[in-house]
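What the coordinates show
One letter stands for each residue in the lines below.
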Amino acid sequence: MIVILPILILLLIGATYLFLVMPRPSAGPDLDPILCDYAHRGLFDNVELPENSMGAFARAVDRGVGIELDLHLTRDGRVVVFHDATLERMCGKKVPISALTWDQLKKERLLDTDYGIPLFEDVLKLVRGRVPLLIELKGESGDDELCWKVAPMLDAYDGEFCIESFNPLLLRWFVRHRPDMARGQLVTNLVKEGREGSKIVNFALTHMLLNVLSRPDFIACDGKYQKGLGFWVCRKLFRTPFFLWTVRKKELLEYNRRRGDHSIFEGFDI
């Protein structure tokens, strides 16, 4: 009994760990149409074509390349395509995007070009299903208003897409309300990156222990941090598809392809 008890404890710990990190346990949507390489925020150059602009998206569509993009809510509940939480980097103003209405926001220009911040609905009209979309939902709280706004747009969209987020609570909304939509857990090492907030939550997210909430169909992983037990378990044991970001060399994209992974890339065309 003295020998058996430690073994049982170890087995229980192992089973609990696998339960926490495992992806969707049942059959989900067909992932083949969305398993490809994606242009990070469109095919942009941040000179003539800013990131997450209609021009960068149009160029990706013309090249037949999948598009990764980011979604935020405005103060009046409009869904816009923009990466950062504030306008500082792209528009030169230290103001949160969530503090502005759409009427205020549509006057802003991206990097002093003619391009403004697009509405998500306009991007969907531009793409029209011609390339797949990898859609990141922004948000660090349990507020799921963005999910309620985005889901009906995707219900009406005739094209291939998948959603992803760092926030498992947002993905949990889709587990409950849109289980037929492919979803992915974004992962980086929040501990090493020095993210503010709860150390326990940062540790859990870093090691994918909150996959129990999101039950992802794929993992979108920061390429700097694709090692560790959780990554091995998902990749080798559960055969979870992986997207790696951000790939800035074509040689690395080709390497990822050879080993069966997919890239979210920028800085070159394919």
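Anything mentioned here points back to the structure above.
Report on the accompanying structure. (Residues numbered from 1 in each chain as written. Predicted model: local features only at pLDDT ≥ 70, side-chain atom pairs only at ≥ 80, totals over all residues. Heavy atoms only, no water.)

A separate point is the environment of Leu146. Of note, Leu146 is situated in helix 6 (residues 145–155). Leu146 sits in the buried class, given a relative accessible area of 5%. (Helix = DSSP H or I, 4+ residues; strand = E, 2+ residues; numbered from the N terminus. Buried < 20%, exposed > 50% of the residue type's maximum accessible area, 1.4 Å probe, protein only.)

Residue Trp245 is joined to Thr246 through a cis peptide bond whose omega torsion reads -15°. If you trace the backbone, Thr246 turns up in strand 8 (residues 242–247). Positive phi, close to 55°, is recorded for Asn46, a residue that is not glycine. Looking at the secondary structure, you find Asn46 in the loop between strand 1 (38–40) and helix 2 (54–63). Positive phi outside glycine occurs at Arg239, with the angle close to 55°. If you trace the backbone, Arg239 turns up in the loop between helix 10 (229–237) and strand 8.

A separate point is the pairing of strand 4 (residues 133–137). By the criterion of burial, strand 4 is predominantly enclosed, with five of the five residues buried. Covered by surrounding structure in strand 4 are Leu133, Ile135 and Leu137 together with Leu134 and Glu136, the residues of both alternating faces. For strand 2 (residues 66–73) and strand 4, the ladder comprises five bridges, and the chain directions are parallel. Looking at the pairing, Leu69 lines up with Ile135 of strand 4. Pairing analysis gives four bridges linking strand 4 to strand 5 (residues 161–165), with the strands arranged parallel. Considered in strand 5, the bridge of Glu136 is made with Glu164. Tracing the backbone out of strand 4, into helix 6 and back to the parallel element strand 5 gives a crossover that is right-handed. (Pairing = 2+ DSSP bridges. Right-handed = clockwise from strand over helix to strand, strands pointing away.)

Bringing the packing of aromatic side chains into the picture now. Under the definition given, this model contains eight aromatic pairs. Aromatic side chains Tyr157 and Phe161 sit 6.4 Å apart centroid to centroid with 55° between the ring planes, which places their arrangement in the tilted category. The residues Tyr157 and Phe161 share a single accessibility class, namely buried. Looking at Arg215, its charged tip hangs above the ring of Phe19, at a distance of 4.7 Å from the centre. (Phe/Tyr/Trp six-rings, centres within 6.5 Å; stacked < 30°, edge-to-face > 60°. Lys NZ or Arg CZ within 6 Å of the ring centre and 35° of its normal.)

Next up on the list: helix 6. All buried positions along helix 6 are accounted for by Leu146, Cys147, Val150, Ala151 and Leu154. Viewed along the axis of helix 6, the buried residues span an arc of 120°, placing them on a single side of the element. Residues of helix 6 that are buried make contact with strand 2, strand 3 (79–81), helix 5 (120–127), strand 4, strand 5 and helix 7 (168–177). (Arc of directions from axis to C-beta. Contact = heavy atoms within 4.5 Å.)

Applying the stated criterion across every chain, the model contains 17 salt bridges. In this structure, Asp37 engages Arg257 in a salt bridge whose closest nitrogen and oxygen atoms are separated by 2.6 Å. Here Arg257 lies in helix 11 (residues 250–258) and Asp37 lies in the loop between helix 1 (4–21) and strand 1, a separation of 220 residues in the sequence. Taking relative accessible area as the criterion, Asp37 reaches 8% and is therefore assigned buried. The class of Arg257 is partly exposed, set by a relative accessible area of 41%. Lys106 is the partner of Asp103 in a salt bridge, and the nearest nitrogen-oxygen pair spans 3.2 Å. Given the relative accessible area of 45%, Asp103 is considered partly exposed. One network of salt bridges, in which partners are shared, links Arg41, Glu51, Asp84 and Arg89. (Salt bridge = Lys/Arg side-chain N within 4 Å of Asp/Glu carboxyl O.)

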